[in-house]
Amino acid sequence: MVSTSTLSLCSHPKINFGFQNKQRNELWTMSSTRRSSLYRSSPGKISTFTPVRIILRSSHLKKLNIRAAASGSGGRSSSRGASSRRVYKQAQAQAPVAPVKEIASFVLPAGAFVVVTFVLWKLVEKILLPKPSKSVAEENKPAQGVKWSFAPGTNLLSSFGAKIERESKLRLNDFAKELRSFQSVDMSGRNFGDEGLFFLAESLAYNQTAEEVNFAANGITAEGIKAFDGVLQSNVALKSLNLSGNSLGDEGVKCLCNILVDNSGIQKLQLSSSAFGDEGAKAIAEMLKKNSTLRVIELNNNFIDYSGFSSLAGAIIENKSLLSIYLNGNYGGPLGAAALAKGLEGNKSVRELYLQGNSIGDEGVRALMSGLSSHKGKLTALDLANNSISARGAFHVAEYIKKSKSCLWINLYMNDIGDEGAEKIAEALKQNRSVTNVDLGGNDIHAKGISEIARVLKDNSVITTLELGYNPIGPEGAKALAEVLKFHGNIKDLMLGWCQIGATGAEYIADMLKYNSTISSLDLRANGLRDEGAICLARSLKVVNEALTSLNLGFNEIRDEGAFAIAQALKANEDVRLTSLNLMNNFLTKLGQSAITDASDHVYEMNEKELNIVF
C-alpha cells in the first residue's frame, strides 16, 4: 500500500519566490503560521529537510526561485500543528507587473509575418495558377460592344455601362455626321481614344466635304493610327490634319508616315506634343523626300535632338514643296541648328522657320545665319526666341538682316542681347527695308538701347509692329520713344508692358498720343502707372485720335480716381475711336467700374460703336 508522505512547514518555514532578469531580482518571502503541506508521490517519511530550490525559466530569461527552508529539529510532522504558525512576509511593497511589453514585442511581429505570408501566398496563387476555363455557355455569349468614354476620368461602371455605351455610340454617330457635313471639324479634347478613331476613320474614306479635321488631345496612340491605313490614301479632299497632343510615340509617327507617303491631299500636318523623338523625325524625313503635297509641318514640343534635326535637314534638300517648318521646343542645340543650316542652303521653297526654345546659343545662330545667307529661297519669318542668344549672337542676326530682302518678321524674344545687341539690330534695321515686325521683348534692354531703336524709326516707315515688353527701359526709354513717335514712324502696334515706365513715362506716352496718327494698339500693362499715370492718359483721350482703338492698362494699380478721369475723357470725346479698354487686375471698386461702364454706354449712344471693357 502506497502512502503519501507529508512535508510539514510547522517550524517557521520560508518560501522565497524570486523573479530574476538581466537588470534586477525581485524576491518574495512567505512564512506560514498555518498548517500547510506539500505532497509528493514517493513513499517515506519526511523529517527535518534541507532547502529545496525549484527554478522555472521563461522565454524571456526570467527565473522563479522557490526556496523552502526549515529551522529547528522538528520531529515528525503530524496533525499536531495547533502551535505552529505561518508568517507571510513580502519583501516588495508592490506586486510584480506582468511582462506585457515583452509579450507584445513577440506577438506583433509574429502576427505581421503571418499576414504578409498570407498575402504573398494569395498573390503567387493568382499569378501562377492557371485561370479556370470558361464554360461553354460563357464562350457562346455574344461579345459586348466597345465602350467609349468622352469625358476625362469617366468610369464605365457596370450599372451604367450599357447607358454610357449607347450615349458613346450616339456621339460617335454625331461626329461621323459632322465629318460628312462640314468643311472644318474640330473634335479636339473629346477623348474618344483608338476605338473611336477606328469608327470615325471610316467617315473620312472617300469623303469630299471635310477639309480641316482636328483630332488633337483625344488619347490616340500608335495603335489608333492604323485606322488611317487605306483611308488617307484615298481621300483627296482633306487638306489639314491635326493630331497634336496625342501620345503617338515613334511607332505611331512611323505608321502615319507610311500612310502619308502616297497621300496627295493633306497640305498641313500638325504633330506637336506627340511624344516622339529622333526615330519619329527620321520617319518624317523619309516621308518628306517622297511626299510633294505637304506645305506646313508642325513638330513643336517633342524630343527631337541633333540626330533628328540632321535627318530633317537632309529631307529639306530634296523636298520642293515645304513652306513652313515648326520645330519649337525641341532639343536641336548648336549642332542641330548647324545641320539645319546646311539643309536650308540647298532649299528654295522654305519661307518660314520656327526654332523657338532649342538652346541654339551664339554658335548655333552663327551657323544658321550663314546657311540662311546662302539660302536660295525667300525666307519671310524667322523665330529665334528663347535660345540663349547674347550680344555676340545678335551680331550674326544683324548681319543677316542687312542682307535679307525678303524677311518680314524677326523674333528675338526672351534672349539676352542687352543694349549692345539692341544697337547692332538697330544698325541693321536702318539698312533693311523688308522687316515689318520686330520682337525684342525680354532682352534686358535699357534706355540706351531703346534710344538706338527709336532713332531707326525716324527714317524707317516699314516697321509697323514693335514688341519691347519686359525690358527695363524706364521713364527715359519711354521718353526717347515718345519723342520720335510723336511725328515719325509708322508703328501701328506698340507693346511696352512690364517696362517700368511709371507715371512719368505715362505722361510722355500720353503727350505723344495727342499728335500720333498711326498707333492703333497700345499695351502699357504692369508699368506702375497708378492714378497719376491714368489721369495723364485720360487727358490724351479727350483729344480726337482717329487711330487708337485698343488700350491695355491692366496690372497698373489704378484706383477709382484714375477710373473717373478715364470715364470723363470718354464722355467728353464724341469722336472717340476706342473699341477695347483693358483695366484688368487694378484696384477699382464698384464705383469706379460703374463709372467706366456708364462711359461705355455713352460712347455707344453717341457713335453706335460698342466699347469692350475688361475689368
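- As recorded in an unreviewed UniProt entry, the protein goes by Protein NLRC3 and comes from Sesamum radiatum.

**Digging into unusual backbone geometry**
A negative phi holds for most residues other than glycine; trans holds for most peptide bonds.
For step 1, the next point in the chain: Here N301, not a glycine, exhibits a phi torsion of approximately 55°, which is positive.
For step 2, the next point in the chain: With respect to the secondary-structure elements, N301 resides in the loop between β12 (296-298) and α8 (306-318).
For step 3, the next point in the chain: Its relative accessible area of 47% is what places N301 among the partly exposed residues.

**Concerning the pattern of salt bridges**
For step 1, the next point in the chain: Applying the stated rule across the entire model yields 15 salt bridges.
For step 2, the next point in the chain: The salt bridge involving E423 is made with K448; its shortest N-O contact spans 3.9 Å. Of this pair, E423 sits in helix α12 (residues 418-431) while K448 sits in helix α13 (residues 447-459), placing them 25 residues apart in sequence.
For step 3, the next point in the chain: Residue K448 is classed as exposed on the basis of its relative accessible area, which comes to 55%.

**Regarding the packing of helix α11 (residues 391-403) against α12**
For step 1, the next point in the chain: Contact pair α11 / α12: the axes reach a minimum separation of 8 Å and the direction vectors enclose 5°. In this view, α11 runs roughly parallel relative to α12, as classed from their interaxial angle. Across from A391, A394, F395, V397, A398, I401 and K402 in α11, the residues of α12 making contact are E420, G421, K424, I425, E427, A428, L429 and Q431.
For step 2, the next point in the chain: Considered class by class, the residues forming the contact of α11 with α12 number 9 nonpolar, 2 polar and 4 charged.

**Observations concerning the packing of aromatic side chains**
The description of an aromatic ring pair rests on the distance of the ring centres and on the angle between the ring planes.
For step 1, the next point in the chain: Scanning all chains against the criterion turns up 8 aromatic pairs.
For step 2, the next point in the chain: Each ring, one from Y354 and one from W409, has its centre 6.0 Å from the other, and the planes form 45°; the classification is tilted. Taken together, the residues Y354 in strand β14 (residues 352-354) and W409 in strand β16 (residues 409-411) connect sequence positions 55 residues apart.
For step 3, the next point in the chain: Residue class for W409 comes out partly exposed when judged on its relative accessible area of 23%.
For step 4, the next point in the chain: Centroid distance Y470 to W498: 4.9 Å. Interplanar angle 5°. Geometry classified as stacked. Taken together, the residues Y470 in the loop between β18 (465-467) and α14 (474-485) and W498 in the loop between β19 (493-495) and α15 (502-513) connect sequence positions 28 residues apart.
For step 5, the next point in the chain: For Y470, a relative accessible area of 39% corresponds to the partly exposed category.
For step 6, the next point in the chain: Linked through ring pairs, Y413, Y470, W498 and F555 together constitute an aromatic cluster.

About the criteria used
Residues numbered from 1 in each chain as written. Predicted model: local features only at pLDDT ≥ 70, side-chain atom pairs only at ≥ 80, totals over all residues. Heavy atoms only, no water. Helix = DSSP H or I, 4+ residues; strand = E, 2+ residues; numbered from the N terminus. Buried < 20%, exposed > 50% of the residue type's maximum accessible area, 1.4 Å probe, protein only. Salt bridge = Lys/Arg side-chain N within 4 Å of Asp/Glu carboxyl O. Axes fitted to C-alpha atoms, helices over the stretch in contact; angles between N-to-C directions. Parallel < 35°, antiparallel > 145°, perpendicular 65-115°, else oblique. Contact = heavy atoms within 4.5 Å. Nonpolar A, V, L, I, M, F, W, Y, C, P; charged D, E, K, R; others polar. Phe/Tyr/Trp six-rings, centres within 6.5 Å; stacked < 30°, edge-to-face > 60°.

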